Amino acid sequence: MKTLLIGEYREGKLLESTCELLGFANQLGAETAMLLVGSENQLPVYSGTLYLADVAACGEYNPGLHKKLILEAVQKESPDYIVFLHSSYGWDLAPRVAASLRIAQVSEIVAIVDGGFEVGCCNGKMRRTVKPATAQAVLTIQAGAFPVLQPGGSPEIRKLSATDGGALEFIGYEAAEKKDVDLAKAEVIVSAGRGVGKKDNIPVIAALAKALGGEMGASRPVVDAEWVSHSHQVGTTGQTVSPKLYVACGISGAIQHLAGMKKSDFIIAINKDKDAPIGEIADVLVVADVMQFVPALTARVAR
Amino acid sequence: MKLLVCIKQVPDLESRFKPDAAGVWYNETDLAFRMNEYDEYAVEQAVQLREKLGEGTELTVLSIGPDRVVEALKKALAMGCDNAAHIQDPAASGKDPWQIASIIAAYAKDKGFDVIFTGMQSQDRGSAQVGVTIAEQLGLACTTTIVSFDYDNGTITAKRELEGGIKGVVKLKTPALVTCQLGLNVPRYPTLPNIMKAKKKEITAIPVVELLREEALATTASFHPPAKKGGGIVLEGDVSDLVDKVIAILKDKTAVLR
Ligand SMILES: Cc1cc2nc3c(=O)[nH]c(=O)nc-3n(C[C@H](O)[C@H](O)[C@H](O)COP(=O)(O)OP(=O)(O)OC[C@H]3O[C@@H](n4cnc5c(N)ncnc54)[C@H](O)[C@@H]3O)c2cc1C
Ligand SMILES: Nc1ncnc2c1ncn2[C@@H]1O[C@H](COP(=O)(O)O)[C@@H](O)[C@H]1O
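What comes next is a walk through the structure. Keep in mind the model is a prediction, meaning the values are calculated, not measured.

So, on to a nonpolar patch on the surface. Together, Leu192(B), Ile195(B) and Met196(B) make up a nonpolar patch on the protein surface, roughly 290 Å² of accessible area in all. Structurally, Ile195(B) can be placed in helix α5 (residues 192-198).

Written out as structure tokens, the structure is:
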């Protein structure tokens, strides 16, 4: 079996998540080649074929052009699987490659199982086993689902180049918003999720954070609704935290939230739904209404 | 100008999911359905563009699914879409993203849409494939995961959300397709007068057989809950007992209470 792994490069750096692709290929027991639109100054530490296109010429985000490069490598390698990370780069590019080749795509793979690939569905509550019906397939793997692997060695480089035909102009990056809280330093984080109900209830969560000597975090919907500022957001598009204690209040446990907090030492979740996926990683799941339980807990802690 | 927004109806994600008889998707009994959250942002953005462009612009909302999806279409009409296309397919949940995208592309082909909006992903299926695949099939420019959208004279300027809170700014020429991310805007609630007005708007029903030309490229072998890792304690019962237990655990297992 053969895989073509599509590495990632952003703001002048080879992304570490590229090593998760190697971890995945290793679990598959597959022979690997990699493709990277990057630079010779930063190469993945592995000893296989590397199709390398120059990022200065091809751009960091130019899906039309990157697709052409990938199709060229696919032609040379004939891989069984073309593998991306399920990331802003991967989910944008993968369907373009799959559609051009008219082959199956399996997204957000969390595990390799008998008879196919396991993917999350229903906001992470359930799983599906999916099987490509085509001989080749495009796969995207969930960030954090497979181990980081750095096999060592240095790749054998084959240069690729292509010229544009792209319908898209990349203007540049915009930096993350300024932080008004630094969650990375907090020993205790109490986070508010959509289950908190409304903006008026936010002080109840803030009070528990204060009583425990910590900071308040939040899930994305709470930030999107402008109940709290973005600097409180925990998750893939917010901050990654690992406090001694993380208390998740009314948070379902979507994969993008878990990615930001699952390394916390001790996790307590308060949720009215016993089956909420947060229960999978919580040390303690308290099945209760946040607005009843949290004030009662705060009162006892403060005493 | 002609605009299209694609919406999916999904179950309330706080529901309990049980496998259906074939064991490949959820059983719909007892589930309440509503518009996919990502698609609400798509509809809002399409309506805002429709309002900005004014007279002479037509915004169509499309959904593939059984009769229940008409409810979601009605909501989109009440939010400000001009007309709706219901692609009738009681078996939509069994189709793979390639087929769903092909059906939408077959519908949109030759209709001359300038901008197509979709959600970034559906909450139940979560493949994040349908939007980009439609664009590929129609040969449209496309960008994904947008959290900001601006249109001026044939050019879209969008911000894509990347990992860790940074954004990528992109310009693309119409005709184009964008996939919408959470937080793109604040979706409006339909007002009563708009709900009444929407009743007069046209919903065209099209049987899926008229548009379906593709076989599935992937199949679902099973639908099941995640393997329980166990380990975690589940506490249930009276609030004051729960507080006692949690205090004891905090004292025992963490250094935060003394
Ligand atoms: C590309 C991308 C990036 C993303 N990045 C992030 C990110 O960085 N951070 C993030 O958090 N999300 C992120 N998301 C969104 C993520 O997928 C989820 O939508 C989000 O985490 C859900 O937030 P939530 O758990 O607060 O809300 P929901 O999923 O709506 O869950 C609410 C929970 O509250 C419970 N509840 C309701 N009422 C009560 C009550 N009275 N008492 C107790 N419990 C109650 C419910 O049972 C439910 O489990 C991202 C999504 C995408 C596609
Ligand atoms: N049955 C459907 N009818 C109309 N649009 C759909 C349907 N399924 C998916 N879509 C659109 O495609 C997007 C991505 O879906 P998915 O690829 O399933 O994650 C959704 O947000 C919708 O905009």
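Past the structure itself, the notes keep going.
So, about helix α5 (residues 202-211) of chain A. Residue and element names in this part refer to chain A. Of all the positions in α5, only Ile202, Ile205, Leu208 and Ala209 are classed as buried. Burial along α5 is one-sided: seen end-on, the buried residues are contained in an arc of 125 degrees. Set apart from the buried face of α5 by more than 90 degrees, the exposed residues are Pro203 and Lys210. Residues of α5 that are buried sit in contact with β13 (188-192), β14 (215-218), α6 (220-224), β15 (245-249) and α8 (290-302). Following α5 by one or two positions, Gly213 adopts a phi angle in the positive range, close to 75 degrees.

Once that is clear, we can look at the pairing of strand β7 (residues 104-113) of chain A. Residues and elements named next belong to chain A. β7 sits mainly inside the fold: 7 of its 10 residues count as buried. Strand direction decides the pairing type here: β7 and strand β10 (residues 137-141), joined by 4 bridges, are parallel. Residue pairing in the sheet places Val106 in a bridge with Leu139 of β10. Two strands pair when backbone bridges link them, and β7 and strand β8 (residues 116-121) are joined in this way by 4 bridges, in the antiparallel orientation. Across the sheet, the residue bridging to Ile109 is Val119, located in β8. Linking β7 back to β8 in an antiparallel pair, the connection comprises 2 residues, with Gly115 at a positive phi of about 85 degrees.

Moving on, we come to the site of ligand 1. In the vicinity of ligand 1 there are 31 residues, among which Arg194(A), Ser219(A), Thr237(A), Ser252(A) and Gln256(A) approach most closely. Chain contributions to the surroundings of ligand 1 come from chains A and B. One of the side-chain nitrogen or oxygen atoms of Asn271(A) is found 2.7 Å away from an oxygen atom of ligand 1. Bound to the protein, ligand 1 loses 94% of the 990 Å² it would expose on its own. The set of elements that each furnish at least two residues to the shell around ligand 1 consists of α6 and α7 (255-261) of chain A. A breakdown of the residues in the shell around ligand 1 according to their chemical character gives 10 nonpolar, 15 polar and 6 charged.

Quick look at the pattern of salt bridges now. Inspection of every chain in the model, using the stated rule, returns 30 salt bridges over all chains. Between Lys159(A) and Glu40(A) there is a salt bridge, and its shortest N-O distance comes to 2.9 Å. Taken together, the residues span a long stretch of sequence, with Lys159(A) in strand β11 (residues 156-160) and Glu40(A) in the loop between β4 (31-38) and β5 (49-54) at a distance of 119 residues. Where Glu161(B) meets Arg220(A), a salt bridge forms, and the shortest distance between an N and an O atom there is 2.8 Å. You can see Glu161(B) sitting in strand β8 (residues 155-161) and its partner Arg220(A) sitting in helix α6, one on each of two chains. Take Glu161(B): its relative accessible area is 9%, and that puts it in the buried class. On the basis of relative accessible area, Arg220(A) is assigned to the buried category, the value being 12%. Through salt bridges with shared partners, a single ionic network connects Glu8(A), Arg10(A) and Glu163(B).

Thresholds, definitions, all that
- Residues numbered from 1 in each chain as written.
- Chains lettered and ligands numbered in written order.
- Predicted model: local features only at pLDDT ≥ 70, side-chain atom pairs only at ≥ 80, totals over all residues.
- Heavy atoms only, no water.
- Patch = residues over 30% accessible without salt bridge, like charges linked within 9 Å, V, L, I, M, F, W, Y side chains within 5 Å.
- Areas by Shrake-Rupley, 256 points an atom, 1.4 Å probe, with all protein chains shown as cover.
- Salt bridge = Lys/Arg side-chain N within 4 Å of Asp/Glu carboxyl O.
- Helix = DSSP H or I, 4+ residues; strand = E, 2+ residues; numbered from the N terminus.
- Buried < 20%, exposed > 50% of the residue type's maximum accessible area, 1.4 Å probe, protein only.
- Arc of directions from axis to C-beta.
- Contact = heavy atoms within 4.5 Å.
- Pairing = 2+ DSSP bridges.
- Near = heavy atom within 4 Å.
- Polar contact = N/O pair within 3.5 Å; in protein donor to acceptor, adjacent residues only side chain to side chain.
- Nonpolar A, V, L, I, M, F, W, Y, C, P; charged D, E, K, R; others polar.

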